[in-house]
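Listed below, chain by chain, are the residues.
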Amino acid sequence: MDFDLTSEQELVRDTVRTFARERIEPIAAALDLEGRFPYELVSELAELGLMGLPIPEEYGGAGGDIVSYAIAIEELTRIDSSVAITMAAHTSLGTMPILLYGTEEQKRRWLPDLATGRRLAAFGLTEPDAGSDAGATRTTAELRDGSWVISGSKLFITNAGTDITWGVTITARTGDEISNIVVENGTPGYVISAPMKKLGWRASDTRELSFEDCTVPEGNLLGERGAGFRQFLEILDGGRISVAAMGVGLAQGAYDLAYAYAKEREQFGKPIASFQAIRFKLADMATEIEAGRALVYKAAWLKDHGRAFAREAAMAKLYTGELSSRVASAALQIHGGFGYMEESAISRLYRDQKILEIGEGTNEVQRMVIARHLGL
Ligand SMILES: Cc1cc2nc3c(=O)[nH]c(=O)nc-3n(C[C@H](O)[C@H](O)[C@H](O)COP(=O)(O)OP(=O)(O)OC[C@H]3O[C@@H](n4cnc5c(N)ncnc54)[C@H](O)[C@@H]3O)c2cc1C
């Protein structure tokens, strides 16, 4: 593949980089400490056309490619993961199922509000007893008099409960098989918990959802009845590119902080960056980040070119999840005791990192997916 970015991709990178530095960085620590959802930033991202970056223009999106989308997520995560996951979950998990499986009528009805970022969308797959084994979904949807009657619960769902959330696409058992059904916020019988408190991603919205005889129109089924299992696997394949981009972005952000600190902090009469132990750490970090970025851009490029990308997306997600863990840990080490203090940016990145090895399939699940693609 050709690693030269197009002028459009460069423009996205420069625009998001500037936005993240100027608008997010000054308030990222406060958002995290207060656990406050960044409504003002989401509306600015929407104005920049970033909340529907890879959605076609005819539905209100920016019509960008997946490489540009990955770059945008990477640049946001470099500064703040909570904002990045808000955009990534809205796009890859919330909006994509409607674009990929919705009828023309459903797309015309729902996408314009989502692709322009006026409203947010969520995807509810995980349940208390169905995590890595997502096919073990227990939530049921029964067709009664032209409506789906839904009962069950979903856990850890991103973007589900903000003031601007439109709704959630959930997986549910419709008999022996699984289907995807849209539930709009405000539907009677759909109950959303208070925001869950987390180790990281504290400014992002995470909820438990419960459905008690929740009734939605028959027309809220996405795609064919019974196609839900295949659909959610496809959605996760695409979503992995964005979480992998978060891994590279978080590692880059941690490296940036460690690099600056190492040059400024003096011990034994010299900047600590002059000690080989520190220089080697930074050299390893920079090398691994390049490798991770190449994996992410390759997976995105394959998807843009209509080629098979699931194997590369899982590899990119696995590698950048583990890479960001190594880099965040080494970067905090370079900060010494200051890095352990709550007010240090590196401590926030360190806490925000762990979920990158859990969400959208754990490291173990990625290895299972990769092994399957290897024919094992
Ligand atoms: C902040 C946050 C946001 C999230 N957002 C969403 C969202 O928007 N929508 C959504 O649907 N979900 C969301 N999730 C859920 C997330 O995708 C799941 O947490 C994840 O898939 C793991 O499932 P689990 O937590 O049930 O862990 P489990 O599946 O119970 O896994 C526990 C451990 O066992 C390991 N394990 C399980 N099975 C195997 C096996 N066969 N072989 C080896 N090891 C195994 C796992 O790798 C893990 O280490 C979110 C989670 C968090 C924390």
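Quick summary incoming for the structure in this document.

Procedures and definitions
One numbering rule holds for all chains: residues counted from 1, following each sequence as written. With the structure being a predicted model, the display of local features is reserved for residues of pLDDT at least 70 and the display and counting of side-chain atom pairs for 80 or more, all residues being used for whole-chain, interface and lining totals. Each side-chain value is worked out from all heavy atoms of the structure, with water and hydrogens disregarded. Whether a residue is near a molecule or strand depends on its heavy atoms: it is near if one of them lies within 4 Å of it. Under this definition, polar contacts are N or O atom pairs within 3.5 Å; protein pairs additionally need one hydrogen-donor-capable and one acceptor-capable atom, and for neighbouring residues in sequence, both atoms have to be side-chain atoms. Under the convention used here, a 1.4 Å probe and the Shrake-Rupley method define accessible areas, while residue burial counts only the protein chains that appear. For each structure, a 1 Å grid was placed over the protein atoms alone; sets of points admitting a 1.4 Å probe that cannot get out are labelled cavities, open sets with protein on both sides within 12 Å along at least five of seven lines are labelled pockets, and lining residues have an atom within 4 Å of a point. What decides whether a molecule sits in a cavity or pocket is whether more than half of its atoms lie within 2 Å of the grid points. The helix and strand labels rest on DSSP assignments: H or I over at least four residues marks a helix, E over at least two residues marks a strand, and numbering proceeds from the N terminus. Remark: exposure states derive from per-residue accessible area (1.4 Å probe, protein chains only) relative to the maximum for the residue type, with buried under 20%, exposed over 50%, and partly exposed in between. Any pair of residues with heavy atoms lying within 4.5 Å of one another is described as a contacting pair. For every element, the axis is a line fit to its C-alpha atoms; helices are fit only across the contacting stretch, and the angle between N-to-C directions ranges from 0 to 180 degrees. Any angle between 65 and 115 degrees counts as roughly perpendicular, while under 35 counts as roughly parallel, over 145 as roughly antiparallel, and the rest as oblique. Helix crossings fall into two classes, left-handed where the near helix is turned counterclockwise from the far one by less than a right angle and right-handed where it is turned clockwise. Each residue is assigned to one class: nonpolar for Ala, Val, Leu, Ile, Met, Phe, Trp, Tyr, Cys and Pro, charged for Asp, Glu, Lys and Arg, and polar for all the others, Gly among them. Take a side-chain nitrogen of Lys or Arg and a carboxyl oxygen of Asp or Glu: if they are within 4 Å of each other, that pair is a salt bridge. Note that the arc is computed from the directions linking the helix axis to the C-beta atoms.

1. Considerations on the site of the ligand
Step number 1: Every one of the 17 residues lining the ligand counts as a neighbour, but Thr126, Ser132, Phe156, Thr362 and Glu364 are closest to it.
Step number 2: Between the ligand and Ser132 there is a distance of 2.6 Å, counted from an oxygen atom to a side-chain nitrogen or oxygen.
Step number 3: Within the complex, 63% of the 980 Å² of free accessible area of the ligand lies under protein.
Step number 4: With respect to the pocket detection grid, the ligand is positioned in the largest pocket.
Step number 5: Breaking the shell around the ligand down by element, the ones donating at least two residues are β1 (120–124), β3 (147–158) and α10 (363–373).

2. Some remarks on the side chain of Gln9
Step number 1: Mapped onto the fold, Gln9 is located in helix α1 (residues 7–34).
Step number 2: Residue classification places Gln9 among the buried positions, given a relative accessible area of 6%.
Step number 3: Side-chain polar atoms of Gln9 contact the backbone nitrogen of Thr6, separated by 2.9 Å.
Step number 4: With sequence-adjacent residues up to four places away left out, Gln9 is seen in contact with Asp4, Asp65, Val67, Ser68 and Ile71.

3. Quick word on the packing of helix α4 (residues 81–101) against helix α5 (residues 104–115)
Step number 1: The geometry of α4 relative to α5 is characterised by a closest axis approach of 9 Å and an angle of 160° between their N-to-C directions. As summarised for this structure, α4 and α5 are arranged roughly antiparallel, according to the angle between their axes. The two elements α4 and α5 cross, and the hand of that crossing is left-handed. Here His90, Thr95, Ile98, Leu99 and Tyr101 of α4 come into contact with α5, specifically with Gln106, Lys107, Trp110, Leu111 and Leu114.
Step number 2: By residue class, the composition of the contact of α4 with α5 is six nonpolar, three polar and one charged.

4. Digging into the pattern of salt bridges
Step number 1: Summed over the entire model, instances satisfying the criterion amount to 26 salt bridges.
Step number 2: The partner of Asp14 in a salt bridge is Arg13, with the nearest N and O atoms 3.2 Å apart.
Step number 3: The salt bridge involving Glu58 is made with Arg108; its shortest N-O contact spans 3.2 Å. With Glu58 in the loop between α2 (39–47) and α3 (66–79) and Arg108 in helix α5, this residue pair connects regions lying 50 residues apart in the sequence.

5. Comments concerning α10
Each turn of an α-helix holds 3.6 residues, which means side chains three or four residues apart point in the same direction.
Step number 1: Taken together, the buried positions of α10 are occupied by Asn363, Val365, Gln366, Val369 and Ile370. Seen along its axis, α10 keeps its buried residues to an arc of 160°; they face one direction. Structural note: α10 exposes Glu364, Met368 and Arg372 on the side pointing more than 90 degrees away from its buried face.
Step number 2: Tucked into the core, α10 has its buried residues touching α6 (228–264) and α8 (310–339).

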